Amino acid sequence: MLDSVKLLKKDVNIICKLERSSFLVLFYSFCMSSFIFNNNPLALQIISFATAYAVYGLVVSLISNEEKKKTSLIFQSVPVRKRSTVIGKYLFSLVVIVFAAFISSIFPLVKTLMEKDVSYVYLSFINSIIFCLFIFSIFFPLFYSLGYSKMQPISLVIFYGLIFIPIVLNLLKDAEIIKPAINFILNLISFINSNLVISFAVSLLLYSLSILLSIYLENNK
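Parameters and conventions
- Residues numbered from 1 in each chain as written.
- Predicted model: local features only at pLDDT ≥ 70, side-chain atom pairs only at ≥ 80, totals over all residues.
- Heavy atoms only, no water.
- Helix = DSSP H or I, 4+ residues; strand = E, 2+ residues; numbered from the N terminus.
- Buried < 20%, exposed > 50% of the residue type's maximum accessible area, 1.4 Å probe, protein only.
- Contact = heavy atoms within 4.5 Å.
- Areas by Shrake-Rupley, 256 points an atom, 1.4 Å probe, with all protein chains shown as cover.
- Salt bridge = Lys/Arg side-chain N within 4 Å of Asp/Glu carboxyl O.
- Polar contact = N/O pair within 3.5 Å; in protein donor to acceptor, adjacent residues only side chain to side chain.
- Core = buried A, V, L, I, M, F, W, Y, C linked by side-chain atoms within 4.5 Å.
- Phe/Tyr/Trp six-rings, centres within 6.5 Å; stacked < 30°, edge-to-face > 60°.

## Looking at the overall build of the chain
- A count of helices and strands for the chain gives 10 helices and zero strands.
- Of the regular secondary structure in the chain, the N- to C-terminal order runs α-α-α-α-α-α-α-α-α-α.
- Expressed as a percentage of the 221 residues in the chain, the buried residues total 48%.
- Across the chain, contacts joining residues at least 24 apart in sequence account for 83% of those joining residues at least 6 apart.
- In the form shown here, the chain has an accessible surface area of approximately 11700 Å², with 70% of it arising from carbon and sulfur atoms.

## Brief notes about the pattern of salt bridges
- Overall, the coordinates contain one salt bridge when judged by the stated rule.
- A salt bridge links E115 to K111; its shortest N-O distance comes to 3.8 Å. A residue pair is termed a helical-turn pair when its members lie 3 or 4 positions apart in one helix, as E115 and K111 do in helix α6 (residues 106-115) at four residues.
- Classification of E115 as partly exposed rests on a relative accessible area of 44%.
- Among the residues examined, K111 registers a relative accessible area of 2% and is labelled buried.

## Some points on the environment of S104
- Inspection of the secondary structure puts S104 in helix α5 (residues 82-104).
- Exposure remark for S104: the relative accessible area of 0% places this residue in the buried category.
- Sequence spacing of S104 and S34 is 70 residues, and the spatial spacing of their C-alpha atoms is 8.8 Å.
- Residue contacts for S104: discarding those within four places in its chain leaves S29, S33, I47, T51 and S124.

## Examining the side chain of S137
- Looking at the element boundaries, S137 is found in helix α7 (residues 119-146).
- The class of S137 is buried, set by a relative accessible area of 8%.
- Only 2.6 Å separates the side chain of S137 from the backbone oxygen of L133, close enough to count as a polar contact.
- Apart from the residues within four sequence positions on either side, S137 is in contact with L206, Y207 and S210.

## What about the nonpolar core?
- Ranked by size, the top nonpolar core spans 49 residues in total, and within it V55, F136, F139 and F140 carry the most contacts.
- Among the elements of the structure, α1 (2-17), α2 (25-32), α3 (43-69), α5, α7, α8 (148-171) and α10 (196-219) are those that each provide at least two residues to this core.
- Tallying contributions element by element places α3 first for this core, with 14 residues.
- Setting aside anything within four residues of it in sequence, one finds F136 in contact with V55, Y56, V59, Y90, S93, I97, P141, Y207 and S210.
- Core analysis: the next-biggest nonpolar cluster, separate from the first, contains seven residues, L123, I126, I130 and L196 among them.

## Focus on the packing of aromatic side chains
- Within this structure, the stated rule accounts for 18 aromatic pairs.
- Each ring, one from Y56 and one from F136, has its centre 5.8 Å from the other, and the planes form 45°; the classification is tilted. Of this pair, Y56 sits in helix α3 while F136 sits in helix α7, and the two are 80 residues apart along the sequence.
- For Y56, a relative accessible area of 1% translates into the label buried.
- Residue F136 is classed as buried on the basis of its relative accessible area, which comes to 0%.
- Look at F143 and Y144: their rings are 5.1 Å apart centre to centre, the planes differ by 70°, and that puts the pair in the edge-to-face class.
- Overall, F143 belongs to the buried group, its relative accessible area being 11%.

Here it is as structure tokens:
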């Protein structure tokens with residue numbers, strides 16, 4: 001576990017010193033969180049998607065940097081267990097998720113202070129974390145199974161999907177053709193918010209199982 005923490009620190013240093021421009025994606029999630037002021041029924045989902053987009057941009061930027069500089073090959077030649085490298089990536093992702101969720105909750109915090117309703121900020125924060133945990137519980141096993149090169153087309157689909165899906169849903173929210181999708185999302189958000197503790201626990205469990213799966217996939221390459 002100590003090696004995983006050291007690898008986490010290494011990843012944080014890389015992203016802060018060598019990939020500073022990647023932090024611009026946080027500006028997108030910050031701006032999109034302003035939807036909370038519009039009383040839009042999809043505001044929480046839009047904020048969650050924007051947060052996941054920011055996290056995805058930062059995590060993939062780090063992985064891309066490592067692949068270009070062949071950092072992963074260096075770690076294969078030193079006595080660091082594959083399990084530690086996998087856990088280190090998950091820890092890095094978790095740190096970025098919490099940080100991005102905090103950035104995305106600034107406007108909800110402002111609305112909370114204006115209306116004295118704490119639900120805006122904690123629902124925004126927790127929903128964003130739950131959604132990001134779900135996304136990366138799927139992403140990492142795919143990455144460790146397929147590898148960086150084969151994963152690139154899928155990464156692009158996920159990356160742009162996190163941008164355009166909430167925009168399209170918001171623009172066409174009154175269109176009859178996507179009403180079933182809108183109603184499903186609203187019902188899902190309502191269910192998560194009504195069972196927030198259980199939903200958060202399930203997302204953490206899914207993330208933990210994803211770690212075990214990724215370790216297995218990495219060890220069996």
